[in-house]
Amino acid sequence: MSHDTISAAQAAYLKSCQIRKRKIQLYRIGILALFLGMWELSARMGWIDDFIFSSPAKLLSCFYHMTKENNLFYHIGITLFETLVSFALVMAVSLFVTILLWYSKTLTDTLDPYLVVLNSLPKSALAPLLIVWLGATYKTIILTGMSVAIFGTILNLYIGFSEVDEEKIRLIKTLGGNRHHMLFLVILPANRANLIGLMKSNIGLCLVGVIIGEFIASKCGLGYLIIYGSQVFKLDWVILSILILCVIAIGLYGGIRILEKKAA
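Quick caveat, the model's predicted, so the values are computed rather than measured.

Right, let's talk about the pattern of salt bridges for a bit. Under the criterion given, the structure shown has six salt bridges. In this structure, the salt-bridge partner of K105 is D109, at a minimum N-O distance of 3.8 Å. Of this pair, K105 and D109 both sit in helix 5 (residues 105–120), separated by four residues, roughly a single helical turn. The residue K200 makes a salt bridge to E260 at a minimum N-O spacing of 2.8 Å. Taken together, the residues span a long stretch of sequence, with K200 in helix 10 (residues 192–216) and E260 in helix 12 (residues 235–263) at a distance of 60 residues. Within this structure, K200, R257 and E260 form a network of salt bridges that share partners.

We now examine unusual backbone geometry. Although it is not a glycine, S54 adopts a positive phi angle of roughly 60°. By the secondary structure assignment, S54 is in the loop between helix 2 (50–53) and helix 3 (56–69).

Together, L34, M38, L41, M45 and W47 make up a nonpolar patch on the protein surface, roughly 550 Å² of accessible area in all. Checked against the element boundaries, W47 lands in the loop between helix 1 (2–45) and helix 2.

Following both chains from N to C, one finds helix 10 and helix 11 (residues 222–231) inclined at 45°, their axes separated by 7 Å at the closest point. In this view, helix 10 runs oblique relative to helix 11, as classed from their interaxial angle. Helix 10 and helix 11 meet at a crossing whose hand is right-handed. Here I211, E214 and F215 of helix 10 come into contact with helix 11, specifically with L222, G223, Y224, I226 and I227. Across the contact of helix 10 with helix 11, the residue classes break down as six nonpolar, one polar and one charged.

Applying the stated criterion across every chain, the model contains zero disulfides. Cysteine C246 is unpaired, with the sulfur of C62 as its nearest cysteine sulfur at 15 Å. You can call C246 partly exposed: its relative accessible area is 39%.

Looking now at the packing of aromatic side chains. If you walk through the whole model with that rule in mind, you get six aromatic pairs. Aromatic pair F63 and F73: ring centres 5.9 Å apart, planes at 90°, arrangement edge-to-face. A residue pair is termed long-range when its members are at least 10 positions apart, and F63 in helix 3 and F73 in helix 4 (residues 72–103) qualify at 10 residues. When its relative accessible area of 29% is taken as the criterion, F63 is described as partly exposed.

Time to look at the confidence of the model for the chain. This prediction gives the chain a mean pLDDT of 88; 97% of its residues lie at or above 70. No element of the chain has a lower mean pLDDT than helix 6 (residues 123–134), at 78, and none a higher one than helix 4, at 94.

This part is about the environment of K68. Among the secondary structure elements, K68 is positioned in helix 3. Separated by 37 residues in the primary sequence, K68 and K105 place their C-alpha atoms 57 Å from one another.

Looking at the secondary structure, you find T98 in helix 4. Setting aside residues up to four positions removed in sequence, T98 forms contacts with I154, L157, Y158 and F161.

In a regular helix each residue adds 1.5 Å, so 12 residues correspond to 16 Å; helix 6 covers 16 Å between its end C-alpha atoms and thus fits that length. Looking at helix 6, one finds that the buried residues are K123, L126, A127, L130 and I131. Down the axis of helix 6, the buried set is contained in an arc of 135°. They therefore lie on one face. In helix 6, those exposed residues whose orientation departs by more than 90 degrees from the buried face are V132 and W133. For helix 6, the secondary structure elements touched by its buried residues are helix 5, helix 7 (138–162) and helix 10. Once helix 6 finishes, G135 follows within two positions and takes phi at roughly 95°, a positive value.

Basis of the calculations
One numbering rule holds for all chains: residues counted from 1, following each sequence as written. Under the rules for a predicted model, residues below a pLDDT of 70 receive no local features and side-chain atom pairs below 80 are neither given nor counted, while totals for whole chains, interfaces and linings still include all residues. Just so you know, side-chain values use all the structure's heavy atoms and leave hydrogens and water out. Criterion for a salt bridge: a side-chain nitrogen of Lys or Arg within 4 Å of a carboxyl oxygen of Asp or Glu. Secondary structure elements follow DSSP: runs of H or I of four or more residues count as helices, runs of E of two or more count as strands, with numbering from the N terminus. Patch membership needs two things, relative accessible area over 30% and no salt bridge, and members are linked within 9 Å if like-charged or within 5 Å if nonpolar (Val, Leu, Ile, Met, Phe, Trp, Tyr). Surface exposure here means Shrake-Rupley accessible area, sampled with a 1.4 Å probe, where a residue is shielded only by the protein chains that are shown. Working convention: axes come from line fits to C-alpha atoms, limited for helices to the stretch in contact. Angles between N-to-C directions cover 0 to 180 degrees. The scheme is simple: roughly parallel for angles under 35 degrees, roughly antiparallel for over 145, roughly perpendicular for 65 to 115, oblique for anything else. Left-handed is the label given to a crossing in which the near helix is rotated counterclockwise from the far helix by less than a right angle, and right-handed is the label when the rotation is clockwise. Contacts between residues were defined by any pair of non-hydrogen atoms, one from each residue, lying within 4.5 Å. As a working rule, the residues Ala, Val, Leu, Ile, Met, Phe, Trp, Tyr, Cys and Pro are called nonpolar, Asp, Glu, Lys and Arg charged, and the rest polar, with Gly in that last group. We call a pair of cysteine sulfur atoms a disulfide whenever their separation is within 2.5 Å. For the exposure calls, accessible area comes from a 1.4 Å probe over protein chains only, and a residue counts as buried if that area is under 20% of its type's maximum, exposed if over 50%, partly exposed in between. Only Phe, Tyr and Trp rings take part, Trp by its six-membered ring, and two of them pair if their centres are within 6.5 Å. Stacked means planes under 30 degrees apart, edge-to-face means over 60, and tilted covers everything else. Per residue, pLDDT measures the predictor's confidence, with a range of 0 to 100. Expected helix span is computed as 1.5 Å times (number of residues minus one). It is the directions from the helix axis to the C-beta atoms that the arc portrays.

Here it is, written out as structure tokens:
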């Protein structure tokens, strides 16, 4: 009897959680629909200048024509490719460098002030230098995307490595393990949540870095469309590109969330 009561209570609780999630989704959709509706109404009624602020209807028309005439999906693909490559390189290089720092205290003490200074620099200041030194290629834009996130990732990862429970490390030593065993049996598993958290923040930072690079020296990508559109007063291009960037950011973050759930 008690077991049945508990099961019924659990079912009721799960159902209430599902109802709450659905309500939140409806609220989100409602807010978005209200915003778009007010935006369109304001443009049609002349409350705002649709040349400057555009409107949902104009953006849909712009999306259609840019898809047909300006290879919009090509520009989206370029930005997405550069972002994903820079993100993958940031995570791989940061993890590799952090492991080296963890293995060598001398290397850590030597590089620590340099990492702090590089992480403190405004990353937008590095982009013009990278482009002048390396040329205006997609590889340089990928490096620009990496520069925004890599130094902070290394510092945060190393802090996570350093804060692992000492008792677990002593246990590995007691059982005859070496630093290799400590790394793979204690350090990396203990930092799984930290890695996922850094991935969540870095995917957005890499997108920002790539757009900065495309602003400065690119003939393709969404950053190029934003700069070109602002120069020739095609503000529909600018607003549409920004909205597409928002969708990309949401999609990339959602991908990391799915990975997080699978790794849990």
